[in-house]
Amino acid sequence: LLAALWGGNPTAIKAGLDDAGPLRLAGYRFIAGGLVTIAWALYTKQPMRPSRSEFRVLFWLGVLFISQIALMNIGQDHTTAAHGVVINTTFPLWTGVIAHFFVPGDRLSPGRVLGTVIAYGGVVAIFAQSLGAADGTLTGDLLMVGSAALLGTRLVYTSLASQSVGMPKLLMTQAVVGTVVFMALGAFEPEPWVVTERLLVSTFYQGFVIAGFGFIGNMWLLKNYLPSGVTALSLTTPIWGVVISSVVL
């Protein structure tokens, strides 16, 4: 279910970019996602205020989060939604490699190594289409690869952090930091922004569906299962993403 929902995210971003800059659009997303997180934390009666000892963990989560989302939105602005969803879905590969070194019991087996090599071959195939392209998608594809690598790193970090820091605190860190940073940076973007039905639908999907329900569901999975196992299922996302982008866009 989460893989299918994530498959629609690049399409939602691409649609929203017609009416707002990439950084401002990210800010809108986290305002909506933050509202869902607050409602969920209040409903489950979980604390959201971090202790002083948790600030360092949450600080580095915020750094990874901002960097990853910025590269994703800017990259998506310079490539197609289909390219974006396929390249962004390389993050399970990065997760598997990083988890091998940092997560106890989450090791790369010979089968996983073979699967990783085959999957990276798919990334190379995607790049082969961009190398000769005249529409400038190579720049966007490179930024999307950087975003995918940071996403894989962030998921491993989140899995480790969730063992000692409550999920609402991790989610609120992402929502608050994302809102403040991206709305501030978005104020300096040259692209004009217009409130349209398309922008509202895009923001709803990115915010309530992905940054809200999607983040909560994914973080629950990372807390209870090994990161590489959770992210392996995300390799089905391109199937959903390419179909959704073709139908909607």
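As a starting point, this report considers the structure included with it.

Here is what the cut-offs are and how they apply
Residues numbered from 1 in each chain as written. Predicted model: local features only at pLDDT ≥ 70, side-chain atom pairs only at ≥ 80, totals over all residues. Heavy atoms only, no water. Helix = DSSP H or I, 4+ residues; strand = E, 2+ residues; numbered from the N terminus. Rg over C-alpha atoms; globule rule 2.2 N^0.38 Å. Buried < 20%, exposed > 50% of the residue type's maximum accessible area, 1.4 Å probe, protein only. Axes fitted to C-alpha atoms, helices over the stretch in contact; angles between N-to-C directions. Parallel < 35°, antiparallel > 145°, perpendicular 65-115°, else oblique. Left-handed = near helix turned anticlockwise from the far one by under 90°. Contact = heavy atoms within 4.5 Å. Salt bridge = Lys/Arg side-chain N within 4 Å of Asp/Glu carboxyl O. Phe/Tyr/Trp six-rings, centres within 6.5 Å; stacked < 30°, edge-to-face > 60°. Expected span 1.5 Å × (residues − 1). Core = buried A, V, L, I, M, F, W, Y, C linked by side-chain atoms within 4.5 Å.

## Examining the overall build of the protein
And then number 1: Per the secondary structure count, the protein includes 12 helices and zero strands.
And then number 2: Going from N to C terminus, the protein has its helices and strands arranged as α-α-α-α-α-α-α-α-α-α-α-α.
And then number 3: At 17 Å, the protein has a C-alpha radius of gyration in line with the 18 Å of a compact globule built from 249 residues.
And then number 4: Counting only C-alpha atoms and orienting by the principal axes, one finds that the protein spans roughly 50 × 50 × 30 Å.
And then number 5: Residues counted as buried form 51% of the 249 residues belonging to the protein.

## Some words on the packing of helix H5 (residues 81–88) against helix H8 (residues 137–161)
And then number 1: Close contact between H5 and H8 brings their axes to 8 Å; oriented N to C, the two are set at 30°. The orientation of H5 relative to H8 falls into the category roughly parallel. Of the two possible hands of crossing, H5 and H8 adopt the one that is right-handed. Between H5 and H8, the contacting residues are His83, Gly84, Ile87 and Asn88 on the first element and Thr137, Asp141, Met144, Val145, Ser147, Ala148 and Leu151 on the second.

## Details of the pattern of salt bridges
And then number 1: Using the criterion set out here, one finds four salt bridges in the structure.
And then number 2: The partner of Asp19 in a salt bridge is Arg198, and the shortest N-O contact between them spans 2.9 Å. Note that Asp19 is positioned in the loop between helix H2 (9–16) and helix H3 (22–44) and Arg198 in helix H10 (residues 197–224), a separation of 179 residues in sequence.
And then number 3: Take Asp19: its relative accessible area is 6%, and that puts it in the buried class.
And then number 4: The class for Arg198 is partly exposed, based on a relative accessible area of 42%.
And then number 5: Residue Asp106 is joined to Arg112 by a salt bridge in which the shortest nitrogen-to-oxygen separation is 3.0 Å.

## Observations regarding the packing of aromatic side chains
And then number 1: Taken as a whole and judged by the stated rule, the model has eight aromatic pairs.
And then number 2: Measuring from ring centre to ring centre gives 6.2 Å for Trp220 and Tyr225, while their planes differ by 65°; the resulting arrangement is edge-to-face.
And then number 3: Residue Trp220 is classed as partly exposed on the basis of its relative accessible area, which comes to 44%.
And then number 4: Connected via pairs of aromatic rings, a cluster forms that spans Trp6, Phe30, Phe65, Phe182 and Phe215.

## So, unusual backbone geometry
And then number 1: A positive phi angle, near 55°, is found at Lys45, a position not held by glycine.
And then number 2: For Lys45, the location among the structural elements is in the loop between H3 and helix H4 (55–76).
And then number 3: On the accessibility criterion, Lys45 (76% relative accessible area) is exposed.

## Details of H4
And then number 1: With 22 residues, H4 should reach 32 Å at 1.5 Å per residue; the first-to-last C-alpha distance of 31 Å fits that figure.
And then number 2: Buried residues of H4: Leu58, Leu61, Gly62, Leu64, Phe65, Gln68, Ile69, Ala70, Met72, Asn73, Gly75 and Gln76, and no others.
And then number 3: The secondary structure elements touched by the buried residues of H4 are H2, H3, H5, H8, helix H9 (167–186) and H10.

## A few points about the nonpolar core
And then number 1: The biggest cluster of nonpolar side chains holds 34 residues, and the ones touching the most others in it are Phe30, Ile69, Leu170, Leu171, Phe182 and Phe215.
And then number 2: Going through the elements one at a time, H3, H4, H8, H9 and H10 are the ones with two or more residues in this core.
And then number 3: Excluding its chain neighbours within four sequence positions, the residues that come into contact with Ile69 are Ala26, Arg29, Phe30 and Phe182.
And then number 4: Phe91, Ala148, Leu155 and Leu222 belong to the second-largest nonpolar core, a separate cluster that totals six residues.

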